[in-house]
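Residue strings, one per chain:
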Amino acid sequence: MTNSTGGAADVATLVRRIEVLEAEADIRRLQARYMFLCDTPNPEFGVADDLARIELILQLYSEDAVWEGVGEYYSNQFGRLEGKEALRGHFRNFWGSRQDPALILNCHYLTSEQIHVHGDGRTADGQWVHMQPWLFSDGKALLRSSRLNNGFRKEPDGTWKITRTRTENVFVAPLPATWASDYPTKSVLMQP
């Protein structure tokens with residue numbers, strides 16, 4: 001159906017704009033879900049342990065995903081990992097065994113969001129600035145900030161997956177041991 005003001009072309013433009021907005025919303029939720037699952041204590045209700053947490057995180061990634069730390073601080077600390085099995089090993093190194101001192105509080109905050117859906121409508125990239133306080137069982141505490149440059153792909157089933165997590169350190173700042181008080185040992189936020 002067309003009319004003198006453009007008709008079909010206007011509708012196609014509107015459809016494309018809606019598809020981009022929906023993709024941005026899906027990617028925003030996907031990135032936020034990843035950060036949510038990485039928080040300590042884990043706020044996801046019903047997750048039995050950190051190995052189950054890792055499997056939930058891996059569901060967000062494509063099979064061919066890359067996770068890499070870049071720059072003078074993160075290249076040596078994280079390196080580059082390719083494929084889900086390598087990512088599983090990375091997350092198991094972080095959560096799979098008891099650390100001493102134990103990480104008792106870690107919360108991810110995202111800001112400065114930029115999401116760019118590519119012309120094909122099936123791939124995108126996004127950049128964020130990320131901050132997270134860390135508190136350890138021995139009282140050591142720090143504030144870490146990183147930049148993220150992540151890739152995303154819409155899979156054949158219509159769901160978006162992370163294809164690349166790329167992070168670079170902005171700063172790490174030691175915090176006084178008493179900077180945080182009254183923090184939970186277990187999250188019940190999502191409990192029905």
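Residues numbered from 1 in each chain as written. Predicted model: local features only at pLDDT ≥ 70, side-chain atom pairs only at ≥ 80, totals over all residues. Heavy atoms only, no water.

### Concerning the overall build of the protein chain
Under the convention used in this document: Only DSSP runs of H or I reaching four residues or more are called helices, and only runs of E reaching two or more are called strands; each is numbered from the N terminus. Buried, partly exposed and exposed residues are distinguished by accessible area as a fraction of the type maximum, computed with a 1.4 Å probe on protein chains only: under 20%, between the cut-offs, and over 50%, respectively.
A count of helical and extended segments in the protein chain gives four helices and seven strands. When the helices and strands of the protein chain are read in sequence order from the N terminus, they spell out α-α-β-α-β-α-β-β-β-β-β. In terms of overall dimensions, the protein chain has C-alpha extents of about 70 × 40 × 30 Å along its principal axes. The buried share among the 192 residues of the protein chain stands at 39%.

### Examining the pattern of salt bridges
Going by this rule: We count a salt bridge whenever a side-chain nitrogen from Lys or Arg sits within 4 Å of a carboxyl oxygen from Asp or Glu.
A complete count under the given rule lists twelve salt bridges for this structure. Residue Glu-55 pairs with Arg-88 through a salt bridge whose shortest N-O separation is 2.8 Å. Remark: Arg-88 occurs in helix H4 (residues 84-95) and Glu-55 occurs in helix H2 (residues 50-58); sequence separation between them is 33 residues. With a shortest N-O distance of 2.3 Å, Glu-85 and Arg-88 are connected by a salt bridge. Of this pair, Glu-85 and Arg-88 both sit in helix H4, separated by three residues, roughly a single helical turn. Since its relative accessible area comes to 14%, Arg-88 is described here as buried. Each of Glu-68, Arg-80, Glu-82 and Arg-166 takes part in salt bridges that share partners, so that together they form one network.

### Let's talk about a nonpolar patch on the surface
In plain terms, the rule: Only residues above 30% relative accessible area that lack a salt bridge enter a patch, with like-charged residues linked at up to 9 Å and the nonpolar side chains Val, Leu, Ile, Met, Phe, Trp and Tyr linked at up to 5 Å. In this description, accessible areas are obtained by the Shrake-Rupley approach with a 1.4 Å probe, and a residue is regarded as covered only by the protein chains that are shown.
On the surface, a cluster of nonpolar side chains totalling about 340 Å² of accessible area is made up of Phe-45, Leu-189 and Met-190. Position of Met-190 among the secondary structure elements: in the segment after strand E7 (160-175).

### Concerning the UniProt feature "domain: SnoaL-like" (unreviewed entry) in the protein chain
Our working rule: UniProt positions are given in the numbering used here, feature names are shortened, and annotations may be inferred rather than shown by experiment.
Taken from the UniProt record, the annotation "domain: SnoaL-like" (unreviewed entry) applies to residues 20-166. Secondary structure across residues 20-166 divides into 33% helix and 41% strand, with the first and last C-alpha atoms of the span separated by 23 Å.

### Quick word on the pairing of E7
Rules: Strand pairing follows a simple DSSP-based rule, namely that at least 2 bridges must link the two strands.
Bridge analysis of strand E1 (residues 61-70) against E7 gives six bridges, and the strand direction is parallel. Across the sheet, residue Glu-68 finds its bridge partner in E7, namely Arg-166. Two strands pair when backbone bridges link them, and strand E6 (residues 141-154) and E7 are joined in this way by twelve bridges, in the antiparallel orientation. Its bridge partner being in E7, Ser-146 is matched across the sheet by Asn-169.

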